[in-house]
Amino acid sequence: MLLTLRHFFGGKRKREILPVKADNYFESIENGTNTIQYPKQKLPVPEVGRYQLEVEIDDCIVCDLCAKICPVDCIDIESIKATQAIGQTSDGSTKRLYAAKFDIDMAKCLYCGLCTVVCPTECITMTNQYDRTVYQLGDLTYHFSDMSPELVAEKKEEFDKQQAERLAAKQAALRSKEGGA
Ligand code: SF4
Ligand code: SF4
């Protein structure tokens, strides 16, 4: 009751609006100002806060560990094997898989941070972004793959062709071995 009265009269006394980064901002809360002018003002977020996920796809080796550990299955990854190494991540890991699909449904995410802990290349991170208001629920599914459908089809075809060629070579070698025996 005392607290309520303090805020009631304090709020009436204190009408000055302080920027949220002002040194005495939190003192102003004590004096009765307990709202901020959102979205013009935003409370500072802690550095270790868990907010929207971001994926640096160039550094992803498509190992699927993040998807496997996610307790709510909100990470959906589809990989395509490359016919040869396709480059390196910034930490020197060799990339051998394409990320044909890398979607995260942030509407399901419970911000546990497990995916960021298991990632071997530290390319999936929690950002300080928390306000991404959307009109459609589906818009909370973020797409991180940078491959077009045409490129996905092309890479799949390349891999299938390589597999077919290897199989044909194996069968030819077997036949010639049998013929020579
Ligand atoms: S933070 Fe947790 S719930 Fe969200 S995507 Fe990562 S593992 Fe899944
Ligand atoms: S754990 Fe990291 S490297 Fe592996 S698929 Fe997820 S984001 Fe990519």
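All values derive from a computational prediction rather than experimental measurement.

Some words on the overall build of the chain
Right, so step 1: Along its length, the chain carries five helices and seven strands.
Right, so step 2: Helices (α) and strands (β) of the chain occur, in sequence order from the N terminus, as α-α-β-α-β-β-β-β-α-β-β-α.
Right, so step 3: Taking all 181 residues of the chain together, 30% fall into the buried category.
Right, so step 4: Sequence separation of 24 or more characterises 67% of the internal contacts of the chain that already satisfy a separation of 6 or more.
Right, so step 5: On the chain, roughly 12700 Å² of surface is accessible, and the fraction owed to carbon and sulfur atoms is 53%.

Side note on the confidence of the model for the chain
When pLDDT drops low, the exact placement of atoms in the prediction is not to be read closely.
Right, so step 1: Here the chain averages 88 in pLDDT, while 85% of its residues score no lower than 70.
Right, so step 2: The secondary-structure element of the chain with the lowest mean pLDDT is helix H2 (residues 25-30), recorded at 64, while helix H3 (residues 65-69) shows the highest, at 98.

Details of a negative patch on the surface
Right, so step 1: A cluster of acidic residues, Glu54, Glu56, Asp58 and Asp146, forms a negative patch at the surface.
Right, so step 2: As for its position among the elements, Asp58 is in the loop between strand E1 (53-55) and H3.

Let's talk about the site of ligand 1
Right, so step 1: Ligand 1 sits among 13 residues. The nearest are Cys70, Cys109, Cys112, Gly113 and Cys115.
Right, so step 2: A breakdown of the residues in the shell around ligand 1 according to their chemical character gives twelve nonpolar, one polar and no charged.

Some words on the pairing of strand E5 (residues 97-105)
Right, so step 1: Judged by how many residues are buried, E5 sits mostly within the fold: seven of nine residues are covered.
Right, so step 2: Relative to E5, strand E2 (residues 75-81) runs antiparallel, the two sharing seven bridges. Among the inter-strand pairings, Ile77 is bridged to a residue of E5, identified as Phe102.
Right, so step 3: Sheet analysis places E5 next to strand E7 (residues 141-143), joined by three bridges and oriented antiparallel. Its bridge partner lying in E7, Ile104 is registered against Tyr142.

Notes on the packing of aromatic side chains
Right, so step 1: Counted according to the given criterion, the structure contains two aromatic pairs.
Right, so step 2: Geometrically, the ring pair formed by Tyr51 and Tyr130 is tilted, given 5.6 Å between the ring centres and 50° between the ring planes. Taken as a pair, Tyr51 in the loop between H2 and E1 and Tyr130 in the loop between strand E6 (124-126) and E7 lie far apart in primary sequence, 79 residues in all.
Right, so step 3: With relative accessibility at 33%, the residue Tyr130 sits in the partly exposed group.
Right, so step 4: Ring geometry for Phe102 against Phe144: centres 6.1 Å apart, planes inclined by 90°, an arrangement best described as edge-to-face. A residue pair is termed long-range when its members are at least 10 positions apart, and Phe102 in strand E5 and Phe144 in the loop between E7 and helix H5 (149-180) qualify at 42 residues.
Right, so step 5: On the basis of relative accessible area, Phe102 is assigned to the buried category, the value being 2%.
Right, so step 6: Classification of Phe144 as buried rests on a relative accessible area of 13%.

About the cut-offs
- Residues numbered from 1 in each chain as written.
- Chains lettered and ligands numbered in written order.
- Predicted model: local features only at pLDDT ≥ 70, side-chain atom pairs only at ≥ 80, totals over all residues.
- Heavy atoms only, no water.
- Helix = DSSP H or I, 4+ residues; strand = E, 2+ residues; numbered from the N terminus.
- Buried < 20%, exposed > 50% of the residue type's maximum accessible area, 1.4 Å probe, protein only.
- Contact = heavy atoms within 4.5 Å.
- Areas by Shrake-Rupley, 256 points an atom, 1.4 Å probe, with all protein chains shown as cover.
- pLDDT = per-residue confidence, 0-100.
- Patch = residues over 30% accessible without salt bridge, like charges linked within 9 Å, V, L, I, M, F, W, Y side chains within 5 Å.
- Salt bridge = Lys/Arg side-chain N within 4 Å of Asp/Glu carboxyl O.
- Lys, Arg positive; Asp, Glu negative; His and termini not counted.
- Charge placed at Lys NZ, Arg CZ, Asp CG, Glu CD.
- Near = heavy atom within 4 Å.
- Nonpolar A, V, L, I, M, F, W, Y, C, P; charged D, E, K, R; others polar.
- Pairing = 2+ DSSP bridges.
- Phe/Tyr/Trp six-rings, centres within 6.5 Å; stacked < 30°, edge-to-face > 60°.

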